[in-house]
Amino acid sequence: MDLFDVISNDIKEAMKAKDKVKLETLRNVKKFFLEAKTAPGANDTLTDDAALKIMQKLVKQGKDSAAIYQGQGRADLAEAELAQVAVLEAYLPKQMSNEELEAALKEIIAEVGAAGPQDMGKVMGVATKKLAGKAEGRAILAKVKELLGNTPAIHIRETKLLPDSSLRAEVSFFYKISEKQTYAVPYPASRLSFSLHQ
């Protein structure tokens, strides 16, 4: 049974149980499902992935609304929003913990060979597909920025010979683009490869 049918069936169960919050929440969900099914090009179909994205969006909207109501001192309205969020979250996959998300993203970073912030697009492209339904998009983005921001990016800008040029050359490079550091390394520098591990 796909998610659309599950929601339809649970609407009937909520009606029998006279569960007002669940009934109102699921009816709202089904309205969005039907809009998606009848959208141009949808061919009257709705995949579970698409359905989950709709429900995740509604969860985010509900949490954002609750935060606004709390800021306005309307605890009653905030509680109502969070009650509906709780109904929705029961249908979503278990969300990854911060540690699980970090471990999964490290695997993806290694998989795509990301070396720094310039590879964020490659990582996000894979991560959003692999982790769909398991973590919020903004949580994924924030963690990717954190992880790639801690990945050294070395850019050699210049080399020059030291007085004892037969032995060493001075190599200047920028660490993470902004911090210039200079090291004396065995000459000739052109034959060296540089790597920095954290």
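Draft legend 1. Region of interest: the side chain of Thr25. Looking at the secondary structure, you find Thr25 in helix H2 (residues 20-37). Here Thr25 is in contact with Gln84, Val87 and Leu88, once residues within four sequence places are set aside.

Draft legend 2. Focus on the packing of aromatic side chains. Considering all chains together, one arrives at 1 aromatic pair under this definition. Sitting over the ring of Phe4, Lys37 keeps its end group 4.2 Å from the ring centre.

Draft legend 3. A look at a negative patch on the surface. There is a patch of like negative charges on the surface, built from Asp2, Asp5, Asp48 and Asp49. Checked against the element boundaries, Asp49 lands in helix H3 (residues 48-71).

Draft legend 4. Local environment of the packing of H2 against helix H4 (residues 75-89). It is the contact of H2 with H4, at a shortest axis distance of 9 Å, that shows an interaxial angle of 65 degrees. Classed by the angle they form, the pair H2 and H4 counts as roughly perpendicular. Of the two elements, H2 crosses H4, and the hand of that crossing is right-handed. In contact with Val21, Lys22, Glu24, Thr25, Leu26 and Val29 of H2, H4 contributes Ala83, Gln84, Val87 and Leu88. Classifying every residue of the contact of H2 with H4 by side-chain character gives 6 nonpolar, 2 polar and 2 charged.

Conventions adopted
- Residues numbered from 1 in each chain as written.
- Predicted model: local features only at pLDDT ≥ 70, side-chain atom pairs only at ≥ 80, totals over all residues.
- Heavy atoms only, no water.
- Helix = DSSP H or I, 4+ residues; strand = E, 2+ residues; numbered from the N terminus.
- Contact = heavy atoms within 4.5 Å.
- Phe/Tyr/Trp six-rings, centres within 6.5 Å; stacked < 30°, edge-to-face > 60°.
- Lys NZ or Arg CZ within 6 Å of the ring centre and 35° of its normal.
- Patch = residues over 30% accessible without salt bridge, like charges linked within 9 Å, V, L, I, M, F, W, Y side chains within 5 Å.
- Areas by Shrake-Rupley, 256 points an atom, 1.4 Å probe, with all protein chains shown as cover.
- Salt bridge = Lys/Arg side-chain N within 4 Å of Asp/Glu carboxyl O.
- Lys, Arg positive; Asp, Glu negative; His and termini not counted.
- Charge placed at Lys NZ, Arg CZ, Asp CG, Glu CD.
- Axes fitted to C-alpha atoms, helices over the stretch in contact; angles between N-to-C directions.
- Parallel < 35°, antiparallel > 145°, perpendicular 65-115°, else oblique.
- Left-handed = near helix turned anticlockwise from the far one by under 90°.
- Nonpolar A, V, L, I, M, F, W, Y, C, P; charged D, E, K, R; others polar.

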